[in-house]
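# Residue-level structure breakdown
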Amino acid sequence: MKLKQALIQNTAWKAASLVFTFLNNLLIVRLLGVEESGKFFYAVVFLTLLITALRLGIENGITYLSGRYPNSTSVLFYLLFPLAIVQGFVTYYLLRFAHLFPLQFQTGWAVVFVVSNMMLIYINAFYHAQKLFKPLNFIGAIFTCLQTVFFTIFYFGPQSKSIDWAAQIFTVMSLACLCQVLVQAAWFYIRHAYFFKQVNFSWLIFKGLFSYSGLSFISSILFFLITRVDFYFVEKYCTGIEMGNYVQAAKIGQMALVLPGLLGGVVFPYAIQAPPNFVEKVSYLCRVMTALFLILFIALIITGSFMLPWLLGQQFTLVYGIMIASMPGIFCMSMSVVLLSYFEGKNQQGIILIANLLCLLLLISGDALMVKEYGYMAAAIIFSIANFAAMLVLSIRFMKVSSLPLLSLFAIKKSDLEEFRMTSHL
């Protein structure tokens, strides 16, 4: 499959899924209100941190090995079953006995949520390795739509103060993820049955998996902290309403990262064995993304002040200012996602670690010094500054390996517009 076809297939159904995700977020906010929704998403952040820590970065190792050595696919697939059992017990222990995380939800459902999300990430890696973007995103869109249906029923159904809406919402999210894992695993197994006719266990596969995943795991932890560490400082030094507004601004910003994530998800497997001229395609994707973010930023400036409170509720009047301050950082992070996907495909993970570590250090030091005195807006501005530094590190490295000028990543060309126009009509 050509890169252009893969990009189209990886965005068509994902766009529908993004719409449903946005609707889900709106319904959750409407059901819980500004302060309770802030607490809800803050609790989910801790579970997501646990997911990031326990999955060990194995998904990138799966994509790399299954894409480069297809015969290893069956071994890697069967490895998920004992891995799920072990990770389930570890999750239960950490949540039930170790008390490392402030648990707002029932332990059983929290374990289902954590393990299902880890398994979903692993299963997705097999789809990425085989470049099966269309079925992957189609299944994802269906289950996101089902979540929207349930949340809509909750919202328009009988409203009772005795109902724990946070628990009901979390149960639906956990069950939807579990069912999606089962469907995607079954479809992949049936669709690629020839992979499973012969299973050759080899220690070289395990060694390659964990040696590749080790550095990727550290990068995943750093990247997660980059997107969430400011929550800690805002929650500590700001009011509940400010925290709720900040979380929603971050949620919307993370939705803006969906497109870069889709592009990066295609770039990674294609970069594994790509020819030297593949760097031209990566730079083209960066230029297109620059143009799209410029349009998005202008639209936010013009409409955000009245549109965001109308969508989220009148208590979310602070979201607009936070979005304006953090949007440059979201753009820089988007560029970084595409560039680091290229470096992952080339197994050059050292530069990824350097960029992510620099960004995290700037975030923590800046927030620790500024948020207490200047509040949530300081956190948003520091987020943009830190991500600009990380993007600069990756861009300079990309210039060296590609021999392309820095402007090739940002300055849109007439030929790009024509290429984009032709692509949009496919």
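Provided above is the structure to which this section pertains.
Scope of this entry: the structure provided in the associated data block. (Residues numbered from 1 in each chain as written. Predicted model: local features only at pLDDT ≥ 70, side-chain atom pairs only at ≥ 80, totals over all residues. Heavy atoms only, no water.)

Right, let's get into the packing of aromatic side chains. Evaluation of the coordinates by the stated rule reveals 20 aromatic pairs. With centroids separated by 6.2 Å and ring planes inclined at 85°, the aromatic side chains of Phe231 and Tyr246 adopt a geometry described as edge-to-face. Placement of the pair is Phe231 in helix 7 (residues 203-237) and Tyr246 in helix 8 (residues 240-256), with a sequence separation of 15 residues. As far as the burial class goes, Phe231 and Tyr246 line up, both buried. Site record: aromatic cluster; members linked through ring pairs are Phe77, Tyr78, Phe81, Phe126, Tyr127, Trp187, Phe188 and Tyr189. (Phe/Tyr/Trp six-rings, centres within 6.5 Å; stacked < 30°, edge-to-face > 60°. Helix = DSSP H or I, 4+ residues; strand = E, 2+ residues; numbered from the N terminus. Buried < 20%, exposed > 50% of the residue type's maximum accessible area, 1.4 Å probe, protein only.)

If you look at the biggest cluster of nonpolar residues, it comprises 132 residues, and the most contacted ones within it are Phe40, Ile169, Tyr342 and Phe398. The greatest single-element share of this core, amounting to 17 residues, is contributed by helix 1 (residues 3-54). The contacts of Phe40, once residues within four sequence positions are left out, are Ile28, Leu32, Gln104, Phe105, Ala166, Ile169, Phe170 and Met173. (Core = buried A, V, L, I, M, F, W, Y, C linked by side-chain atoms within 4.5 Å. Contact = heavy atoms within 4.5 Å.)

The next thing to look at is the side chain of Thr144. Among the secondary structure elements, Thr144 is positioned in helix 5 (residues 133-156). For Thr144, a relative accessible area of 13% translates into the label buried. Sequence-distant contacts of Thr144, that is, excluding residues within four places in its chain, are made with Ser17, Phe20, Thr21 and Asn24.

Between helix 8 and helix 10 (residues 278-312), the least distance of the axes is 13 Å, while the angle of their chain directions is 140°. Considering their axes alone, helix 8 and helix 10 lie oblique with respect to each other. Along this stretch, helix 8 crosses helix 10, giving a crossing that reads as right-handed. Across from Gln248, Ile252 and Ala256 in helix 8, the residues of helix 10 making contact are Phe293, Leu296, Leu308 and Leu312. Residue classes in the contact of helix 8 with helix 10 are distributed as six nonpolar, one polar and no charged. (Axes fitted to C-alpha atoms, helices over the stretch in contact; angles between N-to-C directions. Parallel < 35°, antiparallel > 145°, perpendicular 65-115°, else oblique. Left-handed = near helix turned anticlockwise from the far one by under 90°. Nonpolar A, V, L, I, M, F, W, Y, C, P; charged D, E, K, R; others polar.)

So, on to helix 11 (residues 319-345). When the terminal C-alpha atoms of helix 11 are compared, their 36 Å separation across 27 residues agrees well with the 39 Å that a helix rising 1.5 Å per residue should span. Where helix 11 bends most, the angle comes to about 45°, and this point is Ser326, followed within four residues by the proline Pro328. Across the 27 residues that make up helix 11, a large majority, 23, are buried. At the exit of helix 11 stands Asn347, carrying a positive phi of roughly 55°. (Expected span 1.5 Å × (residues − 1). Bend = angle between axes of the 7 residues up to and from the residue.)

Turning our attention to unusual backbone geometry. The backbone of Ser403 shows a phi angle near 65°, a positive value even though the residue is not glycine. Assignment of secondary structure puts Ser403 in the loop between helix 13 (376-402) and helix 14 (414-424). According to the relative accessible area criterion, Ser403 is exposed, its value standing at 66%.

Looking now at helix 4 (residues 107-129). The first and last C-alpha atoms of helix 4 sit 34 Å apart over 23 residues, in line with the 33 Å expected at 1.5 Å per residue. For helix 4, the buried fraction is high: 18 of the 23 residues fall into the buried class. Note on helix 4: the residue one or two positions beyond its end, Lys131, has a positive phi of about 60°.

In this section: the environment of Ile163. You can see Ile163 is positioned in the loop between helix 5 and helix 6 (165-191). The class for Ile163 is partly exposed, based on a relative accessible area of 30%. Contacts of Ile163, omitting those with residues within four sequence positions, involve Pro158 and Gln168.

We now examine the environment of Val229. Relative to the elements of secondary structure, Val229 occurs in helix 7. Between the C-alpha atoms of Val229 and Leu360, which are 131 residues apart in sequence, the distance is 8.3 Å. Those residues in contact with Val229 that lie beyond four places of it in its chain are Leu360, Leu363 and Ile364.

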